Each structure stands twice: as C-alpha cells, then as structure tokens.
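Structural characterization, general
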Amino acid sequence: MNPSILQTPIDYLKGVGPSRATLLRSELGVHTYQDLINLFPNRYLDKTQYYKINQLQKNSAEVQVIGKIVHLKTVEQKRGKRLVAKFVDETGEMELVWFRGHKWIRENIKINTPYVIFGKTKYYNGFSMPHPDMELLSEHQQNLRVAMQPIYPSTEKLSNKGITNRVMSKMMQQLFVETKARFYDTLSQEILEELKLISKSEAVFNIHFPKNQELLAKAQYRLKFEELFYIQLQLITKKLIRKQKIKGFPFPVVGEYFTNFYKNHLPFELTNAQKRVIKEIRNDIGSSAQMNRLLQGDVGSGKTIVGLMTMLLAIDNGFQACLMAPTAILANQHYQGIVELTKDLDINVILLMGSTTTKQRREIHAELEEGSLHILIGTHAVLEDKVVFKNLGLAIIDEQHRFGVAQRSKLWHKNTYPPHILVMTATPIPRTLAMSLYGDLDISVIDELPPGRKAIKTVHRYDSNRLKVFKFIAEEIQKGRQVYIVYPLIQESEAMDYKDLMDGYESIARSFPAPDYQISIVHGKMKPADKDYEMDRFVKGETQIMVATTVIEVGVNVPNASVMIIESAERFGLSQLHQLRGRVGRGAEQSFCILMTSFKLSADSKTRLETMVRTNDGFDIAEVDLKLRGPGDIMGTQQSGVLVLKIADIVKDNEILKTARHYAMKILKEDPSLSMDKNKVLLYTYQQMAKHKNIWNYIS
Ligand code: ADP
Ligand code: MG
C-alpha cells in the first residue's frame, strides 16, 4: 500500500467529519490516519476466558462467568432499593446487583436458566457483580463475537460528545477498510526473522482486534520493540553524529596546574572510582570531539573534586572553565571549597550570582573577556548573555535535574565550538532510564564512597515519640555534633507549611534554650543575605541546630552534622528524602536520619519510608522511586517532554528495551548510514518519523 495514505487528515475518514475531527485532535492528538492507527487500546475486555465462581479474585478486571439465577429479591436501603439476584454455578454462589432498571430485569430475566454474565466484581462478605452484561448461554454460543474487546483511551469531553468506545471501535474498523489493512513493514526482514516478530500488518490488526491472548501478546511485543528500537536508533545515531561532526577543543596537555595539584595539594587519596572517572573524562577531552558526559554519583561520593580536576585540565590547556549550581547556597559552597583547594595554585576564581552588584559584575565581565579569570562559579547568572568568555573550554553543571535542557544548550553557545560539558548529578538515574533519557550523553558513575564513612542509620518514628527524639538530639549535641531539622515546604500549601515551620522552630527553641543551645533557621522567605548568615553560623559550628525547609537539600556540606530529622517525612518524595539524608554522614562519625511522621500513612508513603530505612543505596532507591511514580514523574524528565511512549513502558519493558538497544547498535555498527539494501526500510521509516515528527524530541 502507498504509505502516504497514512498521512491523510483524520477528517477524511468516513464517519468522522469536522466536529469529531476537531475533538480527536484536541483530546487525543489524533491528526492523521497514522495517529489513529497508533492510538492503542489501554486494555482489553477478555471474553475468551470463563471463570468459575470459586476462581474469582478480589480486585480483578472484568470476568465472565456461566451460571444460573436461582433467586431474585428487592432489598430496601437508605436511598432507594436494590435488586439482588443469587447467581450460582457448580462451584459456589455470588450476587448480581442492580440499582436501577428493576422492572425490566424482573420481567425479562429467566430463573434457573444458564446465562453468561460479564462485569467487574466487588468483594464484601462474598463476591457480587453490579449491573452485569448478561446473555443467555444458548444465544451466547450462536453469536459471533470479538473475543477480546479493546478499550480505547478516552476523556470526559469525548464521551460527553458521544465518541464512546464503541464509536472508536467503529472508526478503527473503517480505517482498516480504507487502508485495506495492509501496512508496509517498518522493520527489516533480518530483524523480523531473527526475533521471530509478526509482520506490521498482523501486529496492527491484532492490537486493535485481537483474536486471542497469544496473538495480542505477539502484537504488543512487536510494536513495543519497534517503538523502542527507533528511539534507540535515533539516540545512537545522534551520538555518533555528535562524535564525528561536533568538534570540541582538544585538551592534549596534562600540565602544571593538574600535576601540581595532584602531587602536592590533593587533601586525600582519590577513590578508585574517582580515578576511573577522571581517566574517562581525560580520554574524552583529550580527543578532538566534544565531551558531553553525565557524571552520576551518590551524595557524598566526591564529585566536586573530579569537577575541579577537570577544570584544572582546561586551564592547563589555556581555557577557562565555569561551574554552575542550582542555588546560591550551593554555588557559594562550591566557591568556598574550590578557593580553599586551589589557594596554593595561581588561579583566579570568582563567584557570580543574582545578588552580585553591577560594579562587581562589570569587573567580572572584563576579566572574563580578557581571560585573566580562570574559573567562574555561579548560579543561573552565568548563563546571561552579558557573560562572555575569552575562551570557555569546559562547563560543569552540578545537580543537573534542576536545570532544563534549554540551559544546557545556552552553555553550548558560549564559544565558537561548544565547550566540553560535564553534568554532575546526585540523583541516581536507574540505568534503564539513563539509557533512554540520556542516550546521547556518555555516562560515568562513581559507585564508591570515600573510605571511613559509616553507613547512616535511618529510623522511622511517629510524632508521638517526639520527646525521645529530642532527648536523642540533646545527647548528640552533647557529643559535639550538629543537627538538621527539616520541614516540608510545598508551594500550594506554602502559608500552612510556613506556619508548621515556625511552630516547629518555637517548640525546638523551648526545648533547646539559649545560651546552652544556638539555633539557625533558614527558609525561602528570608533575604539571601540573612540566609547566608544563618547558614554560615551553622557551617562554622556556632549553632548546633539548623531548622530549615528543603533549601538545604542540595549539596550543602557540613561534615560535623550527624543527625538529620525530617518532619512530615511522608510528604517528601523518595529522591528528596535521599538527598536530604545525604547532608549527614559526611564526616567520620556515626550519623542518623530520623523520619518523623503522623500515624496516617498511605501505602506509597509506607513504601517510601520502608525503602529509606532499608537501604542507603541511591540506585536502589531510584529504582523503587521509578516503580512508584513511573518515569514521567522522575525529576527533570517532565520539562524535556521525554518518554511519551505510545505502547512500551520503560520500567516494565526493560528486557525489550535491552534487545532493541542491542539491535540498534549492531545495525549501526555494520551500517552507520543505513545505506545497505537490507536496511533500506529502516532508513525510510526513520526519515518518515522525523519528517512527521513521530519521533519525539527527546534530546537536548
Ligand atoms: P558530592 O558527590 O555529593 O558532590 P562532595 O564532592 O561534596 O560529594 O564530597 C563529599 C565530601 O567527601 C567532601 O567533604 C569531600 O572533601 C570528601 N571527599 C571527596 N573525595 C574524597 C576521597 N577520595 N577521600 C576522602 N574524602 C573525600
Ligand atoms: Mg555535590
């Protein structure tokens, strides 16, 4: 068939017309025949299976049962009546229930006659089925039917306007008539044979009109594979093109700055993981291709020093470097830390933030352009157009999930060739997700903590145990440690959260009175200068307790702090809890994290708390998080619009993803431009997808 028919606007489909077409476009994003074909059912009503009453499960989907009604009665209830039938088969009994239409049922239902009933069951002292679909067994056996009935995605507006599931099915049938149900195959013969996949036509037909479970499963597999395969093909191609085409500045020299620092000023022995990552980075930036690398490492794994040493390599090669952090506090801390580490080197480091004065800025801009400024550290302020470098060779972004993809590309344009980019993140992204999200980035992992760290002990305590917790805090402070107490601050309920924080602060101040105890408080409503002042007192050890909202979440480093109390912990997401916990356990002392909650906990909250208590491993936590929330909610993925998959599920279809990636790599290795005859169809499909924007704009 001529593939271009698939690009026909949906208005032309018989039975659609302008008003339905408008709805299909706005509600479901269906513009063309192709879009409608790709509107896959959410689920199927399985009428191929018959259940016995004793096989019914609580919370199952719709089921089909054969049996007889032996008794019918009306039950009075508070509001109206309900009609209840006793329905039996040879294994047991259940109830059928109607809340309306009693008269019709009473008149038409045959007692003691075999029926096939279909519907969703409820369980309360036995199974019942409200408003079942019913059919006499004798008729059921004569009727030809679609065994698996597809249920399409819908919206309130669609069903209000009469585009019901039945109408959707009709449109789909019409589509198959008009296209003769023949679709060119989007996968090559080679792939189809090796993986024993069914053809495109067969798959598309069976996804909409499955004949049985087995064919449905085959159709799903084939379509999921195809979806993931083309994403991987795109990601890998992009990466190859970037490596070939996008020139970077080669940093061939390992010079005085790096060597001197490494030999004389490194305050500790690097971990093996840090050494390995530095080597990986050196390999990249030593070549003439641009580096685009994601550095993943759990909180406290020591990413900063890796970043600094990369910057020293840039300086050794006559380039400037910049380091961008998401918050002023964090930028400041990086600045302090790097100034300290490089104090014996002849390096000019400067901090640029929103609060930097115009006069200071003028100086900074001048030094940047003239090249006497080696390292610029800052917040978003470094992205401003006015910030012009003489020769930016390396840009490091810390805690990447706070930044959008747009910012990354801004950095790209700060030199004639894009600078090398190193993105550091402490939010471990599960490998599966990293592979599909950041397929165009190379990934390094620091999977080892510096030696001597003791695992943080995490416990969950109810609010009613607060006195014991306070006693524990007092004991730790007695030993010379410092304590964080963190309150949630979530935008929608800000006023209330703010009150919680202040109430909490007062109660803490009462229990830990001056002059024996000093307390810092930091929250979003304070002026930056006041925040910095309070933070600074805590960093210097002048205060023992830091009461704060999540502003301290990212990156803050106070090694003497050994206790992290998280208030209303049930309100935090897993990755946030893990980030917060990472603020302690940075020194040699045993550290603790106490998750405080009320008694009322949802199932998800319980899982989050249990996970935190069970493990300190960020990757493990990220996997649980991914399972709980699904990939769409993982931080940083929303704004990039990724993972709007039509049929595959990044988490559940992990194995298919691996296979798809394997094949995409294998094919591109043999035939990078897809010019071989056998791959023609792949190239064609790929180009079609790009042309019709069916490949999602995944990548920055
Ligand atoms: P993160 O990866 O969370 O950014 P940091 O770079 O802030 O971690 O490092 C956390 C702490 O560990 C810092 O105090 C740092 O000086 C220290 N550190 C980093 N690497 C090592 C190492 N190899 N040995 C000992 N301490 C280290
Ligand atoms: Mg850090």
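Residues numbered from 1 in each chain as written. Chains lettered and ligands numbered in written order. Predicted model: local features only at pLDDT ≥ 70, side-chain atom pairs only at ≥ 80, totals over all residues. Heavy atoms only, no water.

Attention now moves to the pattern of salt bridges. Under the counting rule described, the total for this entry stands at 30 salt bridges. Where Lys218 meets Glu214, a salt bridge forms, and the shortest distance between an N and an O atom there is 3.9 Å. Remark: Glu214 and Lys218 occur in helix α9 (residues 213-245); sequence separation between them is 4 residues, near one turn of the helix. Linking Asp653 and Lys224 is a salt bridge whose minimum nitrogen-to-oxygen distance equals 3.3 Å. Placement of the pair is Asp653 in the loop between α22 (618-629) and α23 (654-670) and Lys224 in helix α9, with a sequence separation of 429 residues. On the accessibility criterion, Lys224 (17% relative accessible area) is buried. Taken together, the salt bridges that share partners define one network made up of Arg276, Glu280, Asp284, Arg293 and Asp447. (Salt bridge = Lys/Arg side-chain N within 4 Å of Asp/Glu carboxyl O. Helix = DSSP H or I, 4+ residues; strand = E, 2+ residues; numbered from the N terminus. Buried < 20%, exposed > 50% of the residue type's maximum accessible area, 1.4 Å probe, protein only.)

The next thing to look at is the sheet that holds strand β14 (residues 392-398). Across the sheet, which stays open at both edges, the 7 strands sit in the order β12-β13-β11-β14-β15-β10-β16 with parallel pairing between neighbours. For this open sheet the edge positions go to β12 (349-352) and β16 (442-446), each flanked by a neighbour on one side alone. Taking the axes of each pair of neighbouring strands and ignoring which way they run, one obtains an average angle of 20° across the sheet. (Pairing = 2+ DSSP bridges. Axes fitted to C-alpha atoms, helices over the stretch in contact; angles between N-to-C directions.)

Right, let's talk about the site of ligand 1 for a bit. For ligand 1, the set of nearby residues contains 16 residues, the closest of which are Gln274, Gly300, Lys303, Thr304 and Arg453. For ligand 1, a nitrogen atom lies 2.9 Å from a polar atom in the backbone of Glu269. In this structure, an oxygen atom belonging to ligand 1 sits 2.7 Å away from a side-chain N or O atom of Lys303. Here ligand 1 loses 82% of its free accessible area of 560 Å² to cover by the protein chains. Here the residues of the shell around ligand 1 sort into 4 nonpolar, 7 polar and 5 charged. (Near = heavy atom within 4 Å. Polar contact = N/O pair within 3.5 Å; in protein donor to acceptor, adjacent residues only side chain to side chain. Areas by Shrake-Rupley, 256 points an atom, 1.4 Å probe, with all protein chains shown as cover. Nonpolar A, V, L, I, M, F, W, Y, C, P; charged D, E, K, R; others polar.)

Moving on: the environment of Asn560. Structurally, Asn560 can be placed in the loop between β20 (545-548) and β21 (561-566). Along the backbone, Asn560 and Gly585 are 25 residues apart, and their C-alpha atoms lie at a distance of 8.6 Å. Those residues within four positions of Asn560 in sequence are excluded, and the remaining contacts are Gly480, Arg481 and Gln482. (Contact = heavy atoms within 4.5 Å.)

By the secondary structure assignment, Thr310 is in helix α12 (residues 303-316). When its relative accessible area of 3% is taken as the criterion, Thr310 is described as buried. In terms of polar contacts, Thr310 uses its side chain to reach the backbone carbonyl oxygen of Val306, at 2.7 Å. In this structure, Thr310 is in contact with Ile281, Ile285, Leu394 and Leu422, ignoring residues within four places of it in sequence.

Attention shifts here to the confidence of the model for the protein. For the protein, per-residue confidence averages 87 on the pLDDT scale, and residues scoring 70 or more make up 91% of the total. Taken as a whole, residues 633-642 scores under 50 in pLDDT and shows 20 contacts with residues more than four places along the chain or in a different chain. Segment residues 694-700 is flagged for pLDDT under 50; beyond a separation of four residues in sequence, or across chains, it makes 26 contacts in the model. (pLDDT = per-residue confidence, 0-100.)

Another aspect to go through is the pairing of strand β7 (residues 127-130). Looking along a regular strand, one sees side chains alternate from face to face of the sheet. The sheet contact formed by strand β4 (residues 92-98) and β7 spans 3 bridges and is parallel. Paired with Glu95 across the bridge in β7 is Ser128. By the bridge criterion, 2 bridges tie strand β6 (residues 122-123) to β7 in an arrangement that is antiparallel. Looking at β7, one finds that Lys122 is bridged to Ser128. In sequence, β6 turns back onto β7 through a hairpin of 3 residues, with Asn125 there showing a positive phi of about 55°.

For Arg583, the location among the structural elements is in the loop between α20 (574-581) and β22 (592-597). Relative accessible area serves as the criterion here: at 0%, Arg583 is assigned to the buried category. A distance of 3.4 Å separates the side chain of Arg583 from the backbone oxygen of Gln579, its partner in a polar contact.

For the pair helix α11 (residues 272-286) and α12, the least separation of the axes is 10 Å and the interaxial angle reads 30°. Relative to α12, α11 is oriented roughly parallel. For the crossing formed where α11 meets α12, the hand is right-handed. Contacts from Gln274, Val277, Ile278, Ile281, Arg282 and Ile285 in α11 reach Ile305, Val306, Met309, Thr310 and Leu313 in α12. Across the contact of α11 with α12, the residue classes break down as 8 nonpolar, 2 polar and 1 charged. (Parallel < 35°, antiparallel > 145°, perpendicular 65-115°, else oblique. Left-handed = near helix turned anticlockwise from the far one by under 90°.)

Next up on the list: the packing of α20 against α22. Remark: α20 packs on α22, axes separated minimally by 9 Å, with the N-to-C direction vectors making an angle of 160°. Put simply, α20 runs roughly antiparallel to α22. Note on element contacts: α22 touches α20 through Gly618, Ile621, Val624, Asp625 and Leu628, opposite Leu574, Ser575, His578 and Arg581.

Our next topic: the sheet that holds β20. Judged by pairing direction, the sheet is parallel, and its 6 strands sit side by side in the order β17-β22-β21-β18-β20-β19 without closing on themselves. A single partner strand is all that each edge strand has here, and the edge strands are β17 (457-462) and β19 (519-522). Taken pair by pair, the neighbouring strands of this sheet meet at an average axis angle of 20°, ignoring direction. In terms of strand pairing, strand β18 (residues 482-486) meets β20 through 4 bridges, oriented parallel. Across the sheet, Tyr484 pairs through a bridge with Met546, a residue of β20. Packed on one face of the sheet, α20 meets β17, β18, β21 and β22 and runs near 155° to β21.

Over its 12 residues, helix α19 (residues 528-539) extends 16 Å from the first C-alpha to the last, a length consistent with the 16 Å expected when each residue adds 1.5 Å. Turning to α19, its buried residues are Lys531, Glu534, Met535, Arg537 and Phe538. Buried residues of α19, viewed axially, fall in a sector of 155°; they line one side. Opposite its buried face, α19 presents the exposed residues Pro528, Ala529 and Tyr533, each directed more than 90 degrees away. Turning to α19, the residues buried within the fold contact α13 (328-341), β18, β19, β20 and β21. One or two residues past the end of α19 sits Gly541, with phi positive at roughly 85°. (Expected span 1.5 Å × (residues − 1). Arc of directions from axis to C-beta.)

Assignment of secondary structure puts Arg586 in the loop between α20 and β22. Considering only alpha carbons, one finds Arg586 and Val299, 287 residues apart in sequence, at a separation of 9.2 Å. Reaching out from Arg586, the side chain makes a polar contact with the backbone oxygen of Gly582 at a distance of 3.0 Å.

Inspection of the entire model under this criterion finds 18 aromatic pairs. When the centroid spacing of 6.0 Å and the interplanar angle of 85° are considered together, the rings of Phe176 and Phe183 count as edge-to-face. Using a relative accessible area of 6% as the deciding quantity, one classes Phe176 as buried. When its relative accessible area of 10% is taken as the criterion, Phe183 is described as buried. Pairing Phe176 with Phe209 gives two aromatic rings, centres 5.4 Å apart and planes at 75°, and the pair type is edge-to-face. You can see Phe176 sitting in helix α6 (residues 165-178) and its partner Phe209 sitting in the loop between α8 (200-208) and α9, a full 33 residues away along the chain. Phe209 matches Phe176 in its accessibility class, with the two residues each being buried. Aromatic ring contacts, followed pair by pair, group Phe176, Phe183, Phe205 and Phe209 into a single cluster. The cationic tip of Lys47 hangs over the ring face of Phe118; the distance from NZ or CZ to the ring centre is 4.4 Å. Geometry around Tyr123 places Lys58 over its ring, the cationic atom sitting 4.4 Å from the centre. (Phe/Tyr/Trp six-rings, centres within 6.5 Å; stacked < 30°, edge-to-face > 60°. Lys NZ or Arg CZ within 6 Å of the ring centre and 35° of its normal.)

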